[in-house]
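Below are the chains, spelled out letter by letter.
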Amino acid sequence: MPDRYAVIGNPVAHSKSPQIHAEFARQTGQDLVYERLLAPADAFIATANAYHAGGGRGLNVTLPFKGEAYGYAGRLSESAHAAQAVNTLKFEGDAIVGDNTDGAGLVRDLVRNLGCAVAGARVLLLGAGGAARGVIRPLLEQQPTQLVIANRTLAKAQLLAQSFSGGLEADTYAALAGRQFDLVVNATSASLAGELPPLPPGVFARGALAYDMMYGMGETPFLAFARAEGAATCADGLGMLVEQAAESFFIWRGVRPDTAPVLKLLRHATA
Ligand code: ATR
């Protein structure tokens, strides 16, 4: 019997994780199956428990359950702790271990796939919700010279900045006028609604990288704005998706898959 894993969410039909993990398993010769698990909105814990009881070895957790999974895990990694969210559950006998690979996935995509030096860079993070929180610790670990969080609701950005040590700055969008950044990461949900965060012109430094954590939506308003503003590189979040999956695969199987061919495959499929 192959080991069983799944992505749990609601909705979950659109998830690319089964395809990604099937490719990883084929590539590394790991004997596993990876399924989709639709949990009713009010039954995350019951659904996860049933999967565990049925012999499941681990789960990826997607919207809207990452916060609930954080409470569900009996043991948490430092990344999950900092993110206050769990996207990877590993069942070890009776123990439920929670981890979060989103931030590591972003940093790996930035540094290894896109050749972006986060170390020493001026970094601007847009948004102060769960998506932003999940990537702050791994970004800080790269030691940027600045990490500024901009949000429409300033108080939310301030609260978020205060919950991390390491000199984070919180600002409104208007306060960014006249400043420049080497890396701008859109962690708002604006792209989902076809909206553009209200960035002032001129925030992209020469050679800047603009990164939208969304994927599969074509060029988002943020990336179109960044291109028009002269950002040197514009990237969507597909690489982050594949890299966070690879980190989860490593946590479960102890083997690191090669992400490049899988990312290429997905790019072709969505092109
Ligand atoms: P997530 O878990 O995806 O981060 P969230 O917690 O609902 O979702 O947070 C959404 C983030 O996107 C917030 O930072 C929100 O800004 P506010 O806190 O000011 O509401 C941001 N956001 C959503 N739509 C936006 C838009 N059109 N322009 C700028 N920011 C937007």
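This one's a predicted model, so the numbers in the text were calculated from it and none came from an experiment.

1. Things to note about the sheet that holds strand β5 (residues 88-92)
Thinking step 1. As summarised here, the arrangement of the six strands in space is β2-β1-β3-β5-β6-β4, forming an open sheet in which the pairing is mixed. Strand pairing shows two members of the sheet lacking a second neighbour, β2 (32-38) and β4 (75-76), which therefore form its edges.
Thinking step 2. Two elements, strand β1 (residues 3-9) and β2, share seven bridges in a ladder whose sense is parallel. Within β2, the position partnered with Tyr-5 by the bridge is Tyr-34.
Thinking step 3. Together, β1, β2, β3 (58-61), β5 and β6 (95-99) form the strand contacts of helix α2 (residues 44-53), whose direction differs from that of β1 by roughly 170°.

2. Thoughts on the state of the cysteines
Thinking step 1. If you walk through the whole model with that rule in mind, you get zero disulfides.
Thinking step 2. Looking at the unpaired Cys-234, the closest cysteine sulfur is the one in Cys-116, lying at 13 Å.

3. Regarding the sheet that holds strand β9 (residues 169-171)
Thinking step 1. With parallel pairing, the six strands of this open sheet are ordered in space as β9-β8-β7-β10-β11-β12. Each end of this open sheet is capped by a strand with a single partner; those strands are β9 and β12 (233-235). The sheet shows a mean angle of 20° between the axes of neighbouring strands, direction not considered.

4. Comments concerning the layout of surface pockets
If you roll a probe as big as a water molecule over the atoms, it shows you where there is empty space left.
Thinking step 1. Roughly 1,300 Å³ of volume is contained in the largest pocket.
Thinking step 2. In terms of lining residues, the largest pocket is bounded by 48 residues, among which Leu-63, Lys-66, Ala-131, Met-213 and Met-214 are the most central.
Thinking step 3. Listed by contribution, the elements that provide at least two residues to the lining of the largest pocket are β3, α3 (66-72), α6 (130-141) and α9 (238-253).
Thinking step 4. A class-by-class count of the residues in the lining of the largest pocket yields 22 nonpolar, 20 polar and six charged.
Thinking step 5. Counting contributing residues per domain, the lining of the largest pocket is built from domain 1 (3-100) and domain 2 (103-238), each supplying no fewer than three.
Thinking step 6. There is about 240 Å³ of room inside the second largest pocket.

5. Regarding the packing of aromatic side chains
Both the distance between ring centres and the angle between the ring planes are used here to describe each pair of aromatic rings.
Thinking step 1. Per the counting criterion, the structure on display carries seven aromatic pairs.
Thinking step 2. Cluster of aromatic residues (ring-pair linked, three or more members): Tyr-5, Tyr-34 and Trp-252.
Thinking step 3. Over the ring of Phe-250 we find Arg-256; its NZ or CZ atom is 4.5 Å from the centre of that ring.

6. Points about the environment of Pro-138
Thinking step 1. By secondary structure assignment, the location of Pro-138 is in helix α6.
Thinking step 2. The class for Pro-138 is buried, based on a relative accessible area of 13%.
Thinking step 3. Sequence separation between Pro-138 and Arg-206 is 68 residues; the distance between their C-alpha atoms is 24 Å.
Thinking step 4. Ignoring anything within four residues of it in the chain, the contact list for Pro-138 reads Gly-103, Ala-104 and Val-107.

7. Overview of the site of the ligand
Thinking step 1. What surrounds the ligand is a group of 16 residues, the closest being Ala-128, Asn-151, Thr-153, Lys-156 and Glu-195.
Thinking step 2. A distance of 2.9 Å is found between an oxygen atom of the ligand and a backbone nitrogen or oxygen belonging to Ala-128.
Thinking step 3. The backbone of Gly-130 places a nitrogen or oxygen atom 3.0 Å from an oxygen atom of the ligand.
Thinking step 4. Relative to its unbound accessible area of 640 Å², the ligand is 73% covered by the protein chains.
Thinking step 5. Judged by the fraction of its atoms near the pocket grid, the ligand is located in the largest pocket.
Thinking step 6. Considering only residue class, the shell around the ligand consists of six nonpolar, seven polar and three charged.

8. Observations concerning the nonpolar core
Thinking step 1. Counting residues in hydrophobic clusters, the biggest one holds 31 residues, and the most contacted among them are Leu-110 and Ile-136.
Thinking step 2. Taken together, the elements giving at least two residues each to this core come down to α5 (102-113), β7 (122-126), α6, β8 (146-150), α7 (154-162), β10 (181-186) and β11 (204-212).
Thinking step 3. With five residues, the single largest contributor to this core is α6.
Thinking step 4. Ignoring sequence-local partners within four residues, the contact set of Leu-110 consists of Gly-115, Cys-116, Val-118, Leu-139, Leu-183, Leu-209 and Tyr-211.

9. Some thoughts on the side chain of Ser-17
Thinking step 1. Structurally, Ser-17 can be placed in helix α1 (residues 17-28).
Thinking step 2. Assessed through its relative accessible area of 6%, Ser-17 is described here as buried.
Thinking step 3. Not counting residues up to four positions away in its chain, the partners in contact with Ser-17 are Val-7 and Tyr-34.

About the criteria used
- The residue count restarts for each chain, going from 1 along the sequence in the order it is written.
- Residues qualify for local features only when their pLDDT is at least 70, as the model is predicted, and side-chain atom pairs are given and counted only at 80 or more; totals for whole chains, interfaces and linings, by contrast, use all residues.
- Side-chain measures were taken over the full set of non-hydrogen atoms in the model, leaving aside hydrogen atoms and water.
- Two strands qualify as a pair provided DSSP detects at least 2 bridges between them.
- Helix numbers and strand numbers start at the N terminus; a helix is a DSSP run of H or I with at least 4 residues, a strand a run of E with at least 2.
- Any two residues whose heavy atoms approach within 4.5 Å are treated as being in contact.
- Helix axes are fitted to C-alpha atoms over the stretch in contact, other axes to C-alpha atoms as well, and angles between N-to-C directions run from 0 to 180 degrees.
- Note on terminology: disulfide denotes any pair of cysteine sulfur atoms within 2.5 Å.
- Space inside and on the surface of the protein is sampled on a 1 Å grid over the protein atoms alone, with a cavity defined as a set of points where a 1.4 Å probe fits but cannot get out and a pocket as an open set with protein on both sides within 12 Å along at least 5 of 7 lines; lining residues have an atom within 4 Å of a point.
- Grid points are joined across faces, edges and corners, and a volume is the space filled by probe spheres set on the points.
- Any residue that is not Ala, Val, Leu, Ile, Met, Phe, Trp, Tyr, Cys, Pro, Asp, Glu, Lys or Arg is counted as polar, Gly included; the first ten are nonpolar and the last four charged.
- Just so you know, the domain bounds were taken from an automatic or database domain assignment.
- Ring pairs are drawn from Phe, Tyr and Trp, using the six-membered ring of Trp, whenever the two centres fall within 6.5 Å, and their geometry is named by plane angle: stacked under 30 degrees, edge-to-face over 60, tilted for the rest.
- Any Lys NZ or Arg CZ found within 6 Å of a ring centre and within 35 degrees of that ring's normal is scored as a charge over the ring.
- Using a 1.4 Å probe on the protein chains alone, a residue whose accessible area is under 20% of its type maximum counts as buried, one over 50% counts as exposed, and one in between counts as partly exposed.
- Note on definitions. A residue lies near a molecule or strand when any single heavy atom of the residue is within 4 Å of it.
- Two N or O atoms count as a polar contact when they lie within 3.5 Å, although within protein this holds only if one can serve as hydrogen donor and the other as acceptor, and sequence-adjacent residues are included solely when both atoms are side-chain atoms.
- Only the protein chains shown count as covering a residue, and every accessible area follows the Shrake-Rupley method with a 1.4 Å probe.
- By definition, a pocket or cavity contains a molecule when more than half of the molecule's atoms lie within 2 Å of the pocket's grid points.
- Only buried residues count toward a nonpolar core. Its members are Ala, Val, Leu, Ile, Met, Phe, Trp, Tyr and Cys residues joined through side-chain atoms within 4.5 Å.

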